[in-house]
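Observations on the three-dimensional arrangement
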Amino acid sequence: MRISDHISEKMICLALENTTKGGVIRELAELLKDSEDVTDFDMFLKDVFEREKLGATGIGNEIAIPHARTDAVNNIIIAFGRVSQGVDFNGIDNKPVKLVFLMGTPKKDINKYLQVLAHLTRLLKKESFRQQLLEAQNAGEILNAIREIEN
């Protein structure tokens, strides 16, 4: 299960403008709005916020992975955004989040959902990869960093 199969340049923003968790999630979700894999954008966004209520998605190391299993998508979708000043995601290390991956998966694909989430979490444990994400100058460099680490 490869992250690079579920993200494209148009799903990447290196200068998120929002300064709140909710604003960042909405801004990233907008990148997915026109995807053919999103069947109901409002439901997708609602489901992501419902999942956020269950527990923090800030996983430490300035990273958050807000996500939802939802009937509003028909395939796994991922958006990536960077927040230069950092945003409070109630992370386990209490540090502001600068790297955010927003993920939606169909409810029926629980195994794929768990695999992608575990794979992404493993990749993000590598400091060199996180540094590439922080320093990338454009969406193409983000995609190349993801593809490179997955190979």
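These numbers were taken from a predicted model, which means no experiment stands behind them.

**Observations regarding the overall build of the protein chain**
- Counting its secondary structure elements, the protein chain contains five helices and six strands.
- When the helices and strands of the protein chain are read in sequence order from the N terminus, they spell out β-α-α-β-β-β-β-β-α-α-α.
- Against the 2.2 N^0.38 benchmark of 15 Å for 151 residues, the protein chain shows a C-alpha radius of gyration of 14 Å, consistent with a compact globule.
- C-alpha extents for the protein chain along the principal axes are approximately 35 × 30 × 25 Å.
- Nonlocal contacts in the protein chain, meaning residues at least 24 apart in sequence, comprise 71% of its contacts between residues at least 6 apart.
- Here the protein chain displays about 7500 Å² of accessible surface, and carbon together with sulfur accounts for 45% of that area.
- Of the charged side chains in the protein chain, 20 are positive and 23 negative; the average position of the first set lies 5 Å away from that of the second.

**Things to note about the environment of Asp-5**
- Along the chain, Asp-5 falls in the segment before strand S1 (12-13).
- On the basis of relative accessible area, Asp-5 is assigned to the exposed category, the value being 55%.
- It is 18 Å that separates the C-alpha atoms of Asp-5 and Ala-68, two residues lying 63 residues apart in sequence.

**Looking at the pairing of strand S5 (residues 77-87)**
- For S5, the buried fraction is high: nine of the eleven residues fall into the buried class.
- As defined by bridge partners, S1 adjoins S5 across two bridges and the pair is classed as parallel. When the bridges of S5 are listed, Ile-12 appears paired with Phe-80.
- Both S5 and strand S6 (residues 97-106) contribute to a ladder of seven bridges, which runs antiparallel. Pairing of Arg-82 across the sheet is with Leu-99, part of S6.

**Notes on the nonpolar core**
- Phe-44, Phe-80, Phe-101 and Leu-102 are the most contacted members of the largest nonpolar core, which totals 52 residues.
- Every residue in contact with Leu-102, bar those within four places of it in the chain, is listed here: Ile-25, Leu-28, Ala-29, Leu-32, Phe-44, Val-48, Pro-66, Ile-77, Ile-78 and Ala-79.

**Overview of helix H4 (residues 127-135)**
- Taken as a whole, H4 has its buried residues at Phe-129, Arg-130 and Leu-133. Each buried residue of H4 sits inside an arc of 100 degrees when the element is viewed along its axis, so together they form one side. In H4, those exposed residues whose orientation departs by more than 90 degrees from the buried face are Glu-127 and Ser-128.
- In this structure, the buried side of H4 is in contact with strand S3 (63-64), S5, S6, helix H3 (110-124) and helix H5 (139-150).

Rules used in this analysis
- Residues numbered from 1 in each chain as written.
- Predicted model: local features only at pLDDT ≥ 70, side-chain atom pairs only at ≥ 80, totals over all residues.
- Heavy atoms only, no water.
- Helix = DSSP H or I, 4+ residues; strand = E, 2+ residues; numbered from the N terminus.
- Rg over C-alpha atoms; globule rule 2.2 N^0.38 Å.
- Contact = heavy atoms within 4.5 Å.
- Areas by Shrake-Rupley, 256 points an atom, 1.4 Å probe, with all protein chains shown as cover.
- Lys, Arg positive; Asp, Glu negative; His and termini not counted.
- Charge placed at Lys NZ, Arg CZ, Asp CG, Glu CD.
- Buried < 20%, exposed > 50% of the residue type's maximum accessible area, 1.4 Å probe, protein only.
- Pairing = 2+ DSSP bridges.
- Core = buried A, V, L, I, M, F, W, Y, C linked by side-chain atoms within 4.5 Å.
- Arc of directions from axis to C-beta.

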